[in-house]
Amino acid sequence: MSLLVVGTVAFDAIETPFGKTDKILGGAATYISLAASYFTKNINLVSVVGEDFPAANIEMLQKHNVNTDGLQVLKGQKTFFWAGKYHNDMNTRDTITTELNVLETFNPVVPEAYQDCEFLMLGNLMPKVQQQVLSQLKSRPKLIVLDTMNFWMDIAMPELMETLKQIDVLTINDSEARQLSGEYSLVKAAQKILAMGPKYLIIKKGEHGALLFNKEQVFFAPALPLEDVFDPTGAGDSFAGGFIGYIAATKDISFENMKRAIIFGSATASFCVEKFGTENLVGLTQEEVDARVQEFVDLVQFDIALV
Ligand code: AMP
């Protein structure tokens with residue numbers, strides 16, 4: 001039984017108030033897989049890269065227990081490239097370039113050995129491709145989580161709406177929740193989005209934490225107040241990876257366990273933003289992850305005696 005991760009494996013060029021990178025390793029599925037690898041050892045990746053993608057990056061993923069049999073390497077083609085620039089508040093960014101390259105004709109193939117997947121993380125990708133993966137699975141996973149972004153809402157809303165009908169958990173940020181629902185209030189937005197299909201909605205609010213909704217309940221998890229945030233790229237994906245990785249490890253899809261999973265997701269996201277790109281996510285120890293989760297527990301634990 002395993003976790004199937006679908007999403008981009010990319011080159012990113014990032015500019016923040018603290019510095020600038022040239023093309024470095026990025027992509028939603030990269031961050032998700034690395035983050036999930038701290039919780040579960042059986043990760044299967046479906047994605048695509050071009051001939052320009054270094055073999056060392058694939059080996060690094062394999063060292064994190066990521067099975068790359070479903071990673072297509074297309075001869076004579078270029079890897080997906082994204083460039084972004086963060087504003088001074090580090091909570092908002094502009095996309096400077098999105099070069100789809102190999103994604104333009106991406107035809108995902110789920111290898112036979114991946115068919116036993118119990119948990120599915122559909123990382124940020126064109127909704128049509130997310131749907132193609134769903135349609136190749138012979139049995140429905142126990143939990144399907146989907147992440148998407150404004151880019152796909154702008155250019156592929158009808159396909160996204162179709163995909164939303166087939167999933168269990170949607171993760172988006174606050175401005176995307178407002179765009180998708182047409183509501184400013186996140187509580188109203190959540191109710192509208194839950195009516196579109198997902199049973200659970202996670203709204204990420206950057207340094208202001210995350211909200212988990214179902215139709216009856218809501219839970220809030222803070223983000224860890226960090227001294228230095230160098231690069232928020234991949235925070236949402238690391239959050240999703242920690243979340244689904246913990247669910248896959250515990251095999252418990254109750255609302256109560258999702259609350260715990262959100263804390264693990266927030267912990268992995270907090271590591272991600274401390275350095276550029278995937279740098280911090282490649283070499284964490286179990287002790288560091290455990291200590292970080294404990295910081296979250298200490299941050300929100302308090303006793304109140306109501307009289
Ligand atoms: P996040 O900061 O969590 O939103 O994720 C950033 C990652 O998403 C980067 O590593 C990019 O390569 C990837 N990315 C950016 N734009 C897209 C897109 N339109 N579709 C899929 N992945 C994207």
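The structure this text deals with has already been given above.
Small disclaimer: the values here were computed from a predicted structure and weren't measured. (Residues numbered from 1 in each chain as written. Predicted model: local features only at pLDDT ≥ 70, side-chain atom pairs only at ≥ 80, totals over all residues. Heavy atoms only, no water.)

Peer 1: Where do I start with the overall build of the protein chain in this structure?
Peer 2: What the protein chain contains, in helices and strands, is ten helices and 14 strands. In terms of overall dimensions, the protein chain is globule-like: its C-alpha atoms have a radius of gyration of 18 Å, near the 19 Å expected for 307 residues. Considering only C-alpha atoms, the protein chain reaches an extent of 70 × 40 × 35 Å along its principal axes. Counting only residues that meet the buried cut, the protein chain has 55% of its 307 residues in that class. Contacts in the protein chain between residues at least 24 apart in sequence constitute 65% of all its contacts with a sequence separation of at least 6. (Helix = DSSP H or I, 4+ residues; strand = E, 2+ residues; numbered from the N terminus. Rg over C-alpha atoms; globule rule 2.2 N^0.38 Å. Buried < 20%, exposed > 50% of the residue type's maximum accessible area, 1.4 Å probe, protein only. Contact = heavy atoms within 4.5 Å.)

Peer 1: Sorry if this is basic, but what is going on with the pattern of salt bridges here?
Peer 2: Pairing between side chains of opposite charge can happen when their charged atoms approach one another. What the rule picks out here adds up to eleven salt bridges. The salt bridge involving Glu-112 is made with Lys-138; its shortest N-O contact spans 2.8 Å. Here Glu-112 is found in the loop between strand 8 (93-99) and strand 9 (117-122), whereas its partner Lys-138 is found in the loop between helix 3 (127-136) and strand 10 (143-147), with 26 residues between them in sequence. Each of Glu-118, Lys-142 and Lys-251 takes part in salt bridges that share partners, so that together they form one network. (Salt bridge = Lys/Arg side-chain N within 4 Å of Asp/Glu carboxyl O.)

Peer 1: It is not clear to me how the site of the ligand should be interpreted in this structure. Could you clarify?
Peer 2: If you check the shell around the ligand, you find 19 residues, and the closest are Asp-12, Gly-27, Arg-93, Gly-234 and Asp-237. Within the side chain of Arg-93, one N or O atom sits 2.9 Å away from an oxygen atom of the ligand. In the complex, the protein chains occlude 94% of the 510 Å² of accessible area that the ligand would expose alone. Those elements giving two or more residues to the shell around the ligand turn out to be strand 2 (10-16), helix 4 (150-155) and helix 8 (235-250). Top element by residues in the shell around the ligand is helix 8. It accounts for three residues. Residues that form the shell around the ligand fall into these classes: nine nonpolar, seven polar and three charged. (Near = heavy atom within 4 Å. Polar contact = N/O pair within 3.5 Å; in protein donor to acceptor, adjacent residues only side chain to side chain. Areas by Shrake-Rupley, 256 points an atom, 1.4 Å probe, with all protein chains shown as cover. Nonpolar A, V, L, I, M, F, W, Y, C, P; charged D, E, K, R; others polar.)

Peer 1: I'm lost on a nonpolar patch on the surface in this one. Help?
Peer 2: Taken together, the side chains of Phe-302, Ile-304 and Leu-306 define a hydrophobic patch exposed on the protein surface, amounting to about 430 Å² of accessible area. Mapped onto the fold, Ile-304 is located in the segment after helix 10 (286-300). (Patch = residues over 30% accessible without salt bridge, like charges linked within 9 Å, V, L, I, M, F, W, Y side chains within 5 Å.)

Peer 1: Looking at this structure, how should I read the packing of aromatic side chains?
Peer 2: Each aromatic ring pair is described using two quantities: the centre-to-centre distance and the angle formed by the ring planes. Evaluation of the coordinates by the stated rule reveals six aromatic pairs. Ring centres of Phe-151 and Trp-152 lie 4.8 Å apart, and the angle between their planes is 90°; on these two criteria the pair is classed as edge-to-face. A residue is classified by how much of its surface remains accessible, and Phe-151, at 25% relative accessible area, is partly exposed. Using a relative accessible area of 6% as the deciding quantity, one classes Trp-152 as buried. Taking 6.5 Å as the distance between ring centres and 25° as the angle between the ring planes, the aromatic pair formed by Tyr-200 and Phe-255 counts as stacked. With Tyr-200 in strand 12 (residues 200-204) and Phe-255 in helix 9 (residues 255-272), this pair connects stretches of sequence that are 55 residues apart. (Phe/Tyr/Trp six-rings, centres within 6.5 Å; stacked < 30°, edge-to-face > 60°.)

Peer 1: What's the story with the pairing of strand 1 (residues 2-6) in this structure? I'm lost.
Peer 2: Most of strand 1 is tucked away: five of the five residues are buried. Alternating positions in strand 1 separate into two faces, Ser-2, Leu-4 and Val-6 on one and Leu-3 and Val-5 on the other, with burial throughout. Judged from the five bridges that link them, strand 1 and strand 9 form a sheet pairing that is parallel. Residue Leu-3 lies in a different strand from strand 9, and its bridge partner there is Phe-119. (Pairing = 2+ DSSP bridges.)

Peer 1: I'm lost on the sheet that holds strand 5 (residues 43-50) in this one. Help?
Peer 2: Pairing between the strands of a sheet comes from backbone hydrogen bonds, and it takes one of two forms, parallel or antiparallel. Across the sheet, which stays open at both edges, the nine strands sit in the order 6-5-1-9-10-11-12-13-14 with mixed pairing between neighbours. Since the sheet does not close on itself, it has two edges, and those belong to strand 6 (66-74) and strand 14 (218-221), each with one partner. Averaged over neighbouring strand pairs, the angle between their axes works out to 20° when direction is ignored. With respect to the sheet, helix 1 (residues 28-36) is in contact with strand 1, strand 5, strand 6 and strand 9, its orientation differing from that of strand 1 by roughly 160°. (Axes fitted to C-alpha atoms, helices over the stretch in contact; angles between N-to-C directions.)

Peer 1: When you look at the environment of Leu-25 in this model, what are you seeing that I'm missing?
Peer 2: Topologically, Leu-25 is positioned in strand 4 (residues 24-26). Looking at Leu-25, the relative accessible area reads 11%, which means it is buried. For Leu-25 and Ile-203, which are 178 residues apart along the polypeptide, the C-alpha to C-alpha distance reads 26 Å. If sequence neighbours within four positions are ignored, Leu-25 has contacts with Ala-10, Thr-30, Tyr-31, Phe-53, Asn-57, Met-60 and Thr-278.

Peer 1: Quick question: what am I supposed to make of the nonpolar core here?
Peer 2: The nonpolar side chains of a soluble globular protein tend to be buried with one another. Residues Leu-3 and Phe-243 are the most contacted members of the largest nonpolar core, which totals 57 residues. Here the element with the most residues in this core is helix 9; it accounts for ten residues. Not counting chain neighbours up to four residues away, the residues in contact with Phe-243 comprise Val-145, Val-169, Ile-202, Met-258, Ala-261, Ile-262 and Gly-265. Formed by 47 residues, the second largest nonpolar core is a distinct cluster that contains Leu-103, Cys-117, Ala-190 and Phe-213. (Core = buried A, V, L, I, M, F, W, Y, C linked by side-chain atoms within 4.5 Å.)

Peer 1: Which parts of the structure should I look at to understand the packing of helix 3 against helix 5 (residues 157-164)?
Peer 2: Each pair of packed helices can be described by the angle between their axes along with the distance between the axes. Two elements in contact, helix 3 and helix 5, have axes whose closest approach is 8 Å; the angle formed by their N-to-C orientations is 30°. As the angle between them shows, helix 3 and helix 5 are arranged roughly parallel. Considering only the axes of helix 3 and helix 5, their crossing is left-handed. In contact with Pro-127, Lys-128, Gln-130, Gln-131 and Leu-134 of helix 3, helix 5 contributes Glu-159, Leu-160, Glu-162 and Thr-163. Class assignment of the residues belonging to the contact of helix 3 with helix 5 gives a composition of three nonpolar, three polar and three charged. (Parallel < 35°, antiparallel > 145°, perpendicular 65-115°, else oblique. Left-handed = near helix turned anticlockwise from the far one by under 90°.)

These values are about where atoms sit, not about what they do.
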